[in-house]
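Breakdown of the fold
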Amino acid sequence: MSADAPLFGLVLAGGASTRMQRDKAAIEYHGQSQLHWTFHLLSHVCAATFVSVRPDQREEPTRAGLPQIVDRQPGIGPIAGISAALHAHPKAAWLVVACDLPFLNEQTLRHLVEHRDSRKIATAFKSSHDGLPEPLCAIWEPAAREPVLAFVAAGKQCPRKFLINADSLLLDLPDTRALDNVNTSDEYSSAVAAFSSPSQRGESQFATAAASGTKDTKPRTLRVQYYAILREQAGRSEETLDTTASTPAELFDELRQRHPFQLNPAQLKVALNSEFSDWQTPLRHGDTVVFIPPVAGG
């Protein structure tokens, strides 16, 4: 993969949010604006990250202060941001993500990056709803630049139709809800309700910690126990390790770098010293942490 073009991130935040009737980029699901949330997620997997904006949005409070790529042809939808990015940095590949995906997580992005095929025009997920390409969480290679610019010049605007007819690699989506977008007030209410559920709250707290970039770096020794499928994937029932992880969320993120865990925090419960706990409970030296997967029949 050393020959791959550098991977830059682009958060699409140039829409008018007409159906939502308020700025989708400024909505908070995770304790910060959706724009900043998505920007931080991309920053974890990309060499540089930018925000796609219309010319009249450059100084808006939610967007000001972030690296920007300004639409060259505003008013034509997401393809304006994609084409502007490909034009601005023609030697870079672009991981393009819409700003209205509150269920997106770092694991989904890493799956996309790890399975990227730079020989294709793009690498994208197949929609969990209709199997068609998802252009607004996809990697667009430098080879896409001229075809995209020609596509726009021909008066075409739909990035999904572009990918349908392009030489693209399509991947199965590991988390079927990760790319559910929120465009209306009713969808917003449903998303808020989903994040208030115990299982989704665990995932949200996990991801907030990862996106915030803040962390207590004091070293501590912990005992970690695994059950069921986690035990199989770790190849052990428990281990003792020295770590700077300050919460169960940070610890699980670290462990996923060591072991081939497939489950995400929304599918797990966490216990601390034999008591069910929160993903953001501070860890102390000597704690015993247990990650508990769903058990069939239980």
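For the structure, check the block above.
If you're wondering where the values come from, they're calculated on a predicted model, not measured in any experiment. Per-chain numbering applies: the sequence of each chain, read as written, is numbered from 1 onward. Whole-chain, interface and lining totals are the exception, using all residues; otherwise, since this is a predicted model, local features are given only for residues with pLDDT of at least 70 and side-chain atom pairs are given and counted only at 80 or more. Water and hydrogen atoms were dropped before computing side-chain values, which therefore reflect all heavy atoms in the structure.

With respect to the pattern of salt bridges
Rule in force here: Every case where a carboxyl oxygen of Asp or Glu lies within 4 Å of a side-chain nitrogen of Lys or Arg is listed as a salt bridge. Residue exposure (1.4 Å probe, protein chains only): buried if accessible area is under 20% of the type maximum, exposed if over 50%, otherwise partly exposed.
Scanning the model with the defined rule gives 16 salt bridges in all. D56 is paired through a salt bridge with R54; the nearest N and O atoms lie 3.0 Å apart. The class for D56 is exposed, based on a relative accessible area of 52%. Via salt bridges that share partners, D23, E60 and R63 belong to a single interconnected network.

Structural notes on the pairing of strand 6 (residues 133-140)
Short version of the rule: Strands here mean DSSP runs of E at least two residues long; helices mean DSSP runs of H or I at least four residues long; both are numbered from the N terminus. For two strands to be treated as a pair, DSSP must find at least two bridges joining them.
When you tally the buried positions in strand 6, you get seven out of eight residues, the bulk of the element. Bridging between strand 4 (residues 93-98) and strand 6 involves four bridges; their strand directions are antiparallel. Residue pairing across strands places L95 opposite I139, the latter belonging to strand 6. Summarising the sheet, strand 5 (residues 122-126) and strand 6 pair through five bridges and their orientation is antiparallel. Paired with F125 across the two strands is E134, which belongs to strand 6. From the end of strand 5 to the start of strand 6, which pair antiparallel, there are six residues, and G131 there has a positive phi angle of about 75°.

Side note on the packing of aromatic side chains
Heads up, the condition is: Geometry of aromatic contacts follows a simple scheme: Phe, Tyr and Trp rings, the Trp one being its six-membered ring, pair when their centres are within 6.5 Å, and the pair is stacked under 30 degrees between planes, edge-to-face over 60, tilted otherwise.
All chains considered together, the criterion is met by eleven aromatic pairs. On the basis of an interplanar angle of 55° and a centroid distance of 5.0 Å, the ring pair of F252 and F291 is categorised as tilted. One end of the pair, F252, is in helix 9 (residues 248-258); the other, F291, is in strand 12 (residues 288-292), with 39 residues separating them in the sequence. With respect to burial, F252 and F291 carry one shared label: buried.

Brief notes about the sheet that holds strand 8 (residues 220-226)
Convention followed: The contact criterion used is simple: two residues touch if any of their non-hydrogen atoms lie within 4.5 Å. To define axes, lines are fitted to C-alpha atoms, for helices over the stretch in contact only, and angles between the resulting N-to-C directions are given on a 0 to 180 degree scale.
Strand order in the open sheet made by the five strands is 9-8-12-10-11, with mixed pairing throughout. At either margin of the open sheet sits one strand with a lone partner, and together these are strand 9 (238-243) and strand 11 (275-276). The pairing of strand 10 (residues 269-272) with strand 11 spans two bridges and is classified as antiparallel. Opposite L272, over in strand 11, you have E275 as the bridge partner. Docked against the sheet, helix 9 engages strand 8, strand 9, strand 10 and strand 12, running at close to 110° with respect to strand 9.

So, to be careful, I would describe these as geometric facts and stop short of saying anything about function.
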